[in-house]
Amino acid sequence: MAGLRIGTAGIPASAKPQTTPDGIRRLAELGLDHMEIEFVRGVRMGEKTARTVGELAEELSISLTVHAPYYINLNSADPEKIEASKKRIVQAAKVGAAAGAVSVTFHAAFYHDDDPQQVYQLVKGHMEDMLEELARSGVNIRLSPETTGGPTQFGTLEELIRLGQELPGVYPCVDFAHLYARSLGEYNSYQHFAGVLQSIRDGLGEEALKAMHIHLSGIEYGPRGEKRHVPLEETELDYRAVLQALVDFDVAGWLTCESPILEEDALILKGLYEELHQR
Ligand SMILES: [Zn+2]
């Protein structure tokens, strides 16, 4: 069996009713392997429900990751907003861990007008606090800051690899659509994608490629990077080349499709991935 588990960002559109357990059942019916639990508008699940969700997911062999709320900025000028951001990430991590999720991703910060070096140090300090709190509470889940889609956002691949080097247990969540949008279309060849995987291997070791948190979807960009996710059929992102690089580097882990047509595109990615894998 192939090393990447592929699935949807949240509940598939064809799940009825639209609950997380029904979403997990639907993914299993469709032959998909993974769900990213979307707490993007807030953590609206308690730990007790999360445990039930986790049991079902395990029974149906659906792996889980978590996306923390969008309302996060570890470089806010307002200290209360920073504290609230950390609380949201920690809460998403705790509930995710209760469901047995392996990794929680989030968009860490905005640069505003600050020096990216300073922002890096601030983000790192806040990450250390959160790691300590999770360790103290016995919560076992990975914190995986995401490569972001626009130049105003903290989260280049280089920044995240450095965070992973300096903070044991932290790995980047690599969103290939964001890398492409942020570079205004430059990151769009097999060489680029293979280069991303090579940098991760060089910076964080082979094990980083064996448990990789990945996002892949169609995307549209403008002068300021990411505009919106679009179906694979409408994007110029060479997702086939992304999958080829993932196959060639023998990457294993969890790939979430954030397409507006969730399961349809996730199934396309899974079909293509398996085809490339068998060659
Ligand atoms: Zn994201």
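Quick summary incoming for the structure in this document. (Residues numbered from 1 in each chain as written. Predicted model: local features only at pLDDT ≥ 70, side-chain atom pairs only at ≥ 80, totals over all residues. Heavy atoms only, no water.)

### Observations regarding helix H2 (residues 47–59)
Phase 1: When the terminal C-alpha atoms of H2 are compared, their 18 Å separation across 13 residues agrees well with the 18 Å that a helix rising 1.5 Å per residue should span.
Phase 2: Against the buried residues of H2 lie helix H1 (20–30), strand E2 (34–38), strand E3 (63–67) and helix H3 (79–98).
Phase 3: Following H2 by one or two positions, Ser61 has its phi on the positive side, about 55 degrees. (Helix = DSSP H or I, 4+ residues; strand = E, 2+ residues; numbered from the N terminus. Expected span 1.5 Å × (residues − 1). Contact = heavy atoms within 4.5 Å.)

### Some thoughts on empty space enclosed by the protein
Phase 1: Tallying each qualifying case throughout the model produces one cavity of 30 Å³ or more.
Phase 2: Estimated volume of the largest cavity: approximately 40 Å³.
Phase 3: Residue lining of the largest cavity: Arg142, Tyr171, Pro172, Ile200, Ala208, Ala211 and Met212, and that is the complete set.
Phase 4: When grouped by side-chain class, the residues that make up the lining of the largest cavity number six nonpolar, no polar and one charged. (1 Å grid on protein atoms, 1.4 Å probe; cavity = no way out; pocket = protein on both sides within 12 Å on 5 of 7 lines; lining within 4 Å. Points joined across faces, edges and corners; volume = space filled by probe spheres on them. Nonpolar A, V, L, I, M, F, W, Y, C, P; charged D, E, K, R; others polar.)

### Quick word on the coordination of the zinc ion
Phase 1: Only His67 (NE2), His107 (NE2), Glu146 (OE) and Glu146 (OE) from the protein coordinate the zinc ion, and they sit 2.1 to 2.6 Å from it.
Phase 2: Because the angles between the four donor atoms bound to the zinc ion fall within 53 to 143 degrees, the donor set is best described as irregular.
Phase 3: In the primary sequence, the donor residues of the zinc ion line up as H-x39-H-x38-E. Within this pair, whereas His67 is found in strand E3, its partner Glu146 is found in the loop between strand E5 (142–145) and helix H5 (157–166), the two being separated by 79 residues in sequence.
Phase 4: According to the relative accessible area criterion, His67 is buried, its value standing at 0%. (Donors = N, O, S within 2.8 Å, 3.2 Å for Na, K, Ca; no water. Tetrahedral: all angles 85-135°; square planar, octahedral: opposite > 155°, others 65-115°. Buried < 20%, exposed > 50% of the residue type's maximum accessible area, 1.4 Å probe, protein only.)

### A look at the sheet that holds strand E10 (residues 253–257)
Phase 1: The parallel open sheet is built from eight strands, whose spatial order is E5-E4-E3-E2-E1-E10-E7-E6. Both outer strands of the open sheet, E5 and strand E6 (173–175), are each paired with one neighbouring strand and no more. Here the average twist between neighbouring strands, direction ignored, is 25 degrees. (Pairing = 2+ DSSP bridges. Axes fitted to C-alpha atoms, helices over the stretch in contact; angles between N-to-C directions.)

### Thoughts on the environment of Leu134
Phase 1: Within the element layout of this structure, Leu134 appears in helix H4 (residues 116–136).
Phase 2: For the pair Leu134 and Gln91, spaced 43 residues apart in sequence, the C-alpha to C-alpha distance is 9.7 Å.
Phase 3: In this view, Leu134 contacts Val90, Ala93, Lys94, Val139 and Leu143; residues no more than four positions away in its chain are not counted.

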